[in-house]
Every structure is written in C-alpha cells, then in structure tokens.
Amino acid sequence: MSSPGSSPESPVKIKVGIVDDDPLVRSALGLMLGGQADIEVVGEATDGQEALALVRTSAPDVVLMDIRMPRINGLDATRRVLADARPPRVIVLTTFGADEYVVDALAAGAEGFLLKDTPPPEIVAAIRAVAAGEPILSPKATRTLITRLRAEPTGDRAAAARGRLEALTEREHEVALAVGRGLSNAEIAKELYLSIPTVKAHVSRLFDKLGATNRVQIAITVHDAGLV
C-alpha cells in the first residue's frame, strides 16, 4: 500500500549532488540531469569545502566531483565525504585524464571516473550504474590506468595473474574476460546469455577468488595475464 501523496508508479529517484567550481559546468549538468525521471539534483557546491556541507545537509546518493577546485580539492573531498557514516557514492568528473588522477581517485574511494567530454547519455548511465553499486570507468580512464600499472615493474606478475585465473570456473573465466574488456553487467548478461543477477553473483565470486575489491582490479588481472 502506497503512502499518502505517493503514486505506485512514481520512480525512486537517485539523489545527485554536483560539485564543480565552474558555474557553466554546474548549470549544464543540472539541465541534463533535470530531464531524467529517476534522477533529482539535490544540491550544488563550488568547491570541496562546500561539498562536505552538501553531503551532510542533502544526503545525495551520488556525487559528481570535480578534481581541481579551491580550498579543498576533489580528491581530498572524496576521502572526507566517504569517511561519513552514510557516505554517498562518488563519480569523479573532470577534464583531466592523466593517469595519476585515475589512480588517486580510485585510491580515494571513488567508484567512477569520467571525463567531462563523455557524452551526456553515458554520464546519466554511469550515475544509474554507480547508484546500483556498479563502479564505472570511462574507456580512456581504464586504458590509462592499466597502461600505468602494467608499465610498473612486475616481476612475474603475469604468471601470478594466470595462476589466479586458473582457479576460476569456465563461466567465471568468461565473466572475468568480459570485465577486462570493460563491459557492464548488462552487456555481459547479453553477451553470455545470463541474467543480470547471475552476472552480479559471478562478479562477487571473482572479487573473492582474485582478491579484488573492484572491477578495475579484475580487469588488471586479466590484462596482466595477457588475455585482453
């Protein structure tokens, strides 16, 4: 039974906070997201300091976070908002695709990394995916991250990666390869003729078997093994 004033057809809205020191960027994002039936922009902030207040007062589900901002930058703000008792999920949205920013953003706890030239439909899709618990990296960010990590001294990291992958079942191996190619759960489900819940279950097992904490680490293992 629905509560007074609500409709059973009303979608549950994803509450989004926008943090960027450029008013034009904030305005563009607000206009883009304002047209989505399942997304509500609950507040804006012009720097990392204001982002902390935004999270406390508006409790967004997802925060779009710029990196280079005055007072507190986006990476430090990400670390601080994620230390809250009920933290939002953070997508770093920036003009800077340098590999150190990708690594630092993931280390800070961000669950998404997108460049500002990402097409609007992909930004909207990323918000929905991250809100559902699925980390998102733009293809360029994934490439720069993997390139950096693979360029570092590895010893016999490739052999170790192959050894970890050998412990997987055939289906888990297929899912791992698909993650390594940057496919989403929905894309993996379509390609392997599985349901999305089944794909999520396989990904969860991959986290355990590969000692990974996110999809990027699964992808790195696959790339280290030379399979993508």
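Note: the structure precedes this text.
Numbering of residues starts from 1 in every chain and runs along the sequence as written. Local features are withheld for residues below a pLDDT of 70 in this predicted model, meaning they are given only at 70 or higher, and side-chain atom pairs are given and counted only at 80 or more; totals for whole chains, interfaces and linings count all residues. Water and hydrogen atoms play no part in the side-chain values, which are based on all heavy atoms of the structure.

*Asks:* An account of the sheet that holds strand S4 (residues 89-94) is requested, with residue identities and associated values reported.
*Replies:* Here 6 strands make up an open sheet; going across it, the order is S2-S1-S3-S4-S5-S6 and the pairing parallel. Only two strands of the sheet have a single partner each, and these edge strands are strand S2 (39-45) and strand S6 (136-137). The contact criterion used is simple: two residues touch if any of their non-hydrogen atoms lie within 4.5 Å. Angular values range over 0 to 180 degrees, each being the angle between N-to-C directions of two axes fitted as lines to C-alpha atoms, with helices fitted over their stretch in contact. Every helix listed is a DSSP run of H or I at least four residues long, and every strand listed is a run of E at least two residues long, numbered separately from the N terminus. Packed onto the sheet, helix H5 (residues 120-131) meets strand S1 (14-19), S2, strand S3 (62-65), S4, strand S5 (112-115) and S6 and runs at close to 155° relative to S4. Strand pairing requires that DSSP identify at least two bridges connecting the strands.

*Asks:* Lay out the packing of helix H9 (residues 185-192) against helix H10 (residues 196-210) with the relevant residues and their values.
*Replies:* Helix-helix packing is characterised by the crossing angle of the two axes and by the distance between the axes. Where H9 contacts H10, the two axes come as close as 9 Å, and the packing angle between them is 110°. Judged by the angle between their axes, H9 and H10 are roughly perpendicular. Along its contact with H9, which presents Asn 185, Ala 186, Ile 188 and Ala 189, the element H10 presents Ile 196, Val 199, Lys 200 and Val 203. Each residue receives one of three labels: charged for Asp, Glu, Lys and Arg, nonpolar for Ala, Val, Leu, Ile, Met, Phe, Trp, Tyr, Cys and Pro, and polar for the others, Gly being one of them. For the contact of H9 with H10, the per-class residue count stands at 6 nonpolar, 1 polar and 1 charged. Angular relationships are summarised with four words: roughly parallel below 35 degrees, roughly antiparallel beyond 145, roughly perpendicular across 65 to 115, and oblique for the angles in between.

*Asks:* An account of the nonpolar core is requested, with residue identities and associated values reported.
*Replies:* With 25 residues, the main nonpolar core has Val 19, Met 65, Val 90, Val 92 and Phe 113 as its most contacted residues. Those elements that place two or more of their residues in this core are helix H2 (48-58), S3, helix H3 (74-81), S4, helix H4 (99-108), S5 and helix H11 (215-224). If sequence neighbours within four positions are ignored, Met 65 has contacts with Val 19, Ala 51, Gly 74, Ala 77, Thr 78, Val 90, Ile 91, Val 92 and Leu 93. By convention a nonpolar core is built from buried Ala, Val, Leu, Ile, Met, Phe, Trp, Tyr and Cys residues, the set being connected through side-chain atoms within 4.5 Å. Summary of the burial criterion: residues with accessible area below 20% of their type's maximum are buried, those above 50% are exposed, and those between are partly exposed, where the area comes from a 1.4 Å probe applied to protein chains only.

*Asks:* Help me get a handle on the pairing of S5, residues and values and all.
*Replies:* Across a regular strand the side chains alternate sides, sitting on one face of the sheet and then on the other. Judged by which residues are buried, S5 turns out to be covered on both faces: Gly 112 and Leu 114 on one side and Phe 113 and Leu 115 on the other are all buried. Note: S4 against S5, 4 bridges, orientation parallel. Across the sheet, the residue bridging to Ile 91 is Gly 112, located in S5. Handedness of the crossover joining S5 and S6 through H5 is recorded here as left-handed. Consider the strands pointing away from the viewer: the crossover is right-handed when the path from the first strand over the helix to the second runs clockwise.

*Asks:* Give me the environment of Asp 224: which residues, what numbers.
*Replies:* Along the polypeptide, Asp 224 turns up in helix H11. Along the chain, Asp 224 and Ala 159 lie 65 residues apart, while their C-alpha atoms are 8.3 Å from each other.

*Asks:* Please give an account of the pairing of S2 that cites residues and values.
*Replies:* Across 6 bridges, S1 lies against S2 in parallel orientation. For Lys 15, the partnering residue across the bridge sits in S2 and is Glu 40. Between S1 and its parallel partner S2, the chain crosses via helix H1 (residues 23-34), and the hand of that crossover is right-handed.

*Asks:* Can you break down the environment of Val 222 residue by residue, with the values?
*Replies:* Residue position: Val 222 is located in helix H11. Taking the C-alpha atoms as reference points, Val 222 and Leu 177, separated by 45 residues in sequence, lie 6.4 Å from one another.

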